[in-house]
Amino acid sequence: MTSPPTQRTNPLHLLAAFASGGLLTLAIFVNGEAGRFGGAMFSSWLAHGVGTIVAIVFLAIVWRGQRAASAEATAKIGKAPLWAYVGGLCGAVTVMLTSTSVNSPLALAGTLALGLAGQVVLSLAADFWGLLGLPKRRLDLRDAGAVILIATGSLLIILFGLGAA
Amino acid sequence: MIIPILAAFAAGLLVILSRQVNGRLAMSTTPLISSFWNHFVGFAFLTVVGLVIGGLIPANIAEMPWWIYTGGAIGVVFVAAGSWLITRIGAVNSTLLVIAGQMVFGVIFDFLRGAPVTIWAAALGVVLILAGMWLTQRKR
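Note that the structure is a prediction, hence the values are computed from the model and not measured.

Moving on, we come to the overall build of chain A. Along the backbone of chain A there are 5 helices and 0 strands. In sequence order, the secondary structure elements of chain A are arranged as α-α-α-α-α. Overall, the C-alpha framework of chain A stretches about 55 × 45 × 30 Å when taken along its three principal axes. Here chain A, with 165 residues, has 43% of them falling under the buried criterion.

With that settled, the discussion passes to the overall build of chain B. Helix and strand counts for chain B come out as 4 helices and 0 strands. When its helices and strands are written in sequence order, chain B yields α-α-α-α. Computed over the C-alpha atoms, the radius of gyration of chain B is 18 Å, more than 25% above the 14 Å expected from 2.2 N^0.38 for a compact globule of 140 residues. Considered along the principal axes of its C-alpha atoms, chain B spans approximately 50 × 45 × 35 Å. For chain B, the residues scored as buried account for 57% of the 140 residues in total.

Let us look at the nonpolar core. Ile-150 of chain A together with Leu-14, Leu-96, Leu-97, Ala-100 and Ile-129 of chain B are the most contacted members of the largest nonpolar core, which has 89 residues in total. Among the elements of the structure, helix 1 (11-61), helix 3 (87-102), helix 4 (107-129) and helix 5 (141-161) of chain A together with helix 1 (2-28), helix 2 (31-53), helix 3 (71-112) and helix 4 (119-137) of chain B are those that each provide at least two residues to this core. Ranked by residues supplied to this core, first place goes to helix 3 of chain B with 20 residues. If we skip the residues at most four places from it in the chain, Ala-100 of chain B touches Phe-18, Gly-21 and Ile-150 of chain A together with Ile-129, Gly-132 and Met-133 of chain B.

This paragraph deals with the interface of chain A and chain B. At the junction of the two partners, chain A supplies 108 residues and chain B supplies 103 residues. If you list the elements that add at least two residues to the side of chain A that touches chain B, you get helix 1, helix 2 (63-77), helix 3, helix 4 and helix 5 of chain A. Counting residues per element, the side of chain A that touches chain B draws most heavily on helix 1 of chain A, at 38 residues. Split into classes, the residues belonging to the side of chain A that touches chain B amount to 62 nonpolar, 39 polar and 7 charged.

Residues and elements named next belong to chain B. The share of residues in chain B with pLDDT of 70 or more is 98%, and the mean pLDDT across the chain is 90. Per-residue pLDDT, averaged within each element of chain B, yields its smallest value for helix 4 (87) and its largest for helix 2 (95). In the predicted assembly, ipTM is 0.88 and pTM is 0.88.

Let us now look at the confidence of the model for chain A. Taken as a whole, chain A shows an average pLDDT of 86; of its residues, 93% reach a score of 70 or greater. Overall, residues 1-6 of chain A carries pLDDT values under 50, and its contacts beyond four positions in sequence, including any with other chains, amount to 7 contacts.

Along the polypeptide, Ala-8 of chain B turns up in helix 1. Taking the number of C-beta atoms within 10 Å as the measure of exposure, Ala-8 of chain B has 25 and is therefore buried. Excluding residues within four positions of it along the chain, Ala-8 of chain B makes contact with Thr-98, Ser-101, Leu-106, Gly-110, Thr-111, Leu-114 and Gly-115 of chain A.

This part covers the environment of Gln-102 of chain B. In this fold, Gln-102 of chain B is placed in helix 3. Under the C-beta neighbour-count criterion, Gln-102 of chain B is labelled buried, with 25 such atoms within 10 Å. Sequence separation between Gln-102 of chain B and Ile-2 of chain B is 100 residues, and the spatial gap between their C-alpha atoms is 27 Å. If we ignore the near neighbours within four places in the chain, the residues touching Gln-102 of chain B are Gly-21, Leu-24 and Thr-25 of chain A.

Next up on the list: the packing of helix 5 of chain A against helix 4 of chain B. Where helix 5 of chain A meets helix 4 of chain B, the closest approach of the two axes is 8 Å, and the angle between their N-to-C directions is 160 degrees. If you check the angle between helix 5 of chain A and helix 4 of chain B, you find them roughly antiparallel. Crossing of helix 5 of chain A over helix 4 of chain B shows left-handed handedness. In this structure, helix 5 of chain A contributes Arg-142, Gly-145, Ala-146, Leu-149, Ile-150, Thr-152, Gly-153, Ser-154, Leu-156, Ile-157, Phe-160 and Gly-161 of chain A to the contact, and helix 4 of chain B contributes Ala-121, Ala-122, Leu-124, Gly-125, Val-126, Leu-128, Ile-129, Ala-131, Gly-132, Leu-135 and Thr-136 of chain B.

Now for the environment of Gly-125 of chain B. The residue Gly-125 of chain B is located in helix 4 in this model. Since 26 C-beta atoms lie within 10 Å of it, Gly-125 of chain B is described here as buried. Sequence spacing of Gly-125 of chain B and Leu-17 of chain B is 108 residues, and the spatial spacing of their C-alpha atoms is 26 Å. If we ignore the near neighbours within four places in the chain, the residues touching Gly-125 of chain B are Gly-153, Ser-154, Leu-156, Ile-157 and Gly-161 of chain A together with Met-103 of chain B.

Residue and element names in this part refer to chain A. Although it is not a glycine, Leu-132 sits at a positive phi angle of roughly 60 degrees. Structurally, the position occupied by Leu-132 is in the loop between helix 4 and helix 5. By C-beta crowding, Leu-132 is classed as partly exposed, having 17 other C-beta atoms within 10 Å.

Cut-off values and rules
- Residues numbered from 1 in each chain as written.
- Chains lettered and ligands numbered in written order.
- Predicted model: local features only at pLDDT ≥ 70, side-chain atom pairs only at ≥ 80, totals over all residues.
- Helix = DSSP H or I, 4+ residues; strand = E, 2+ residues; numbered from the N terminus.
- Buried ≥ 20, exposed ≤ 12 C-beta atoms within 10 Å, placed from the backbone.
- Rg over C-alpha atoms; globule rule 2.2 N^0.38 Å.
- Core = buried A, V, L, I, M, F, W, Y, C linked by C-beta atoms within 7 Å.
- Contact = placed C-beta atoms within 7 Å.
- Nonpolar A, V, L, I, M, F, W, Y, C, P; charged D, E, K, R; others polar.
- pLDDT = per-residue confidence, 0-100.
- Axes fitted to C-alpha atoms, helices over the stretch in contact; angles between N-to-C directions.
- Parallel < 35°, antiparallel > 145°, perpendicular 65-115°, else oblique.
- Left-handed = near helix turned anticlockwise from the far one by under 90°.

What follows is the structure, given as structure tokens:
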């Protein structure tokens, strides 16, 4: 199940990932407004509840294709382990953790900056060792360069660019 | 101070763990089915926690503007996209490009809605991010 390590990444996939980051900005803004009404827990609960309903509606519309694609994937890869079904716990716990740190002297900027560090560390480890059944990817100097540039740029924006002028 | 620092860092770890776990489920099913389970399990868990702690639903819920309900719909697409992408471009590229998009669109969004933006830092940050993105797509 190891993909060829020298495979070129498809620029369209990279663009899609970049665009999905824009969706995240939007979702965080909207959920942040929900948080102003009822707190972080309520906001996350609402987003997961609405998300469940929306996912069911989407699935109902395209169910034939999804069922076929899922059966094909299971035949090829095998059944998913049970733990693969509880990824949703991570998102739920994340909200509790961030609402702790946002209300500490770290504030939003510190929370985002440290969260970014955590994301980079675990994704490097995940690619390096192929954690949790996903393909391994060889990391090279370009990856290191990309990590340093994007992390530095993001920290500049988080710590100095947004909020206080 | 050590507890909030650990909490913020752990939140970052969980973002990646969740994408990795959802990605594994999507490999054996589909990204949309994986996104459904992600939201359903999270909702069930938060409902239980909310019932234990109490006071989950705010009294002023009727005053919320309608668009606040769209956050979950955006989340379904975001999680499905993440599961689809991580098996194609890997964890590091997913992380970097999602953060890049979040930052660049965040700057534009804040700028457009008139939130305070420090131009030199935001612009320099965006330039560094774009340079880093260029590195991720170079032919190996």
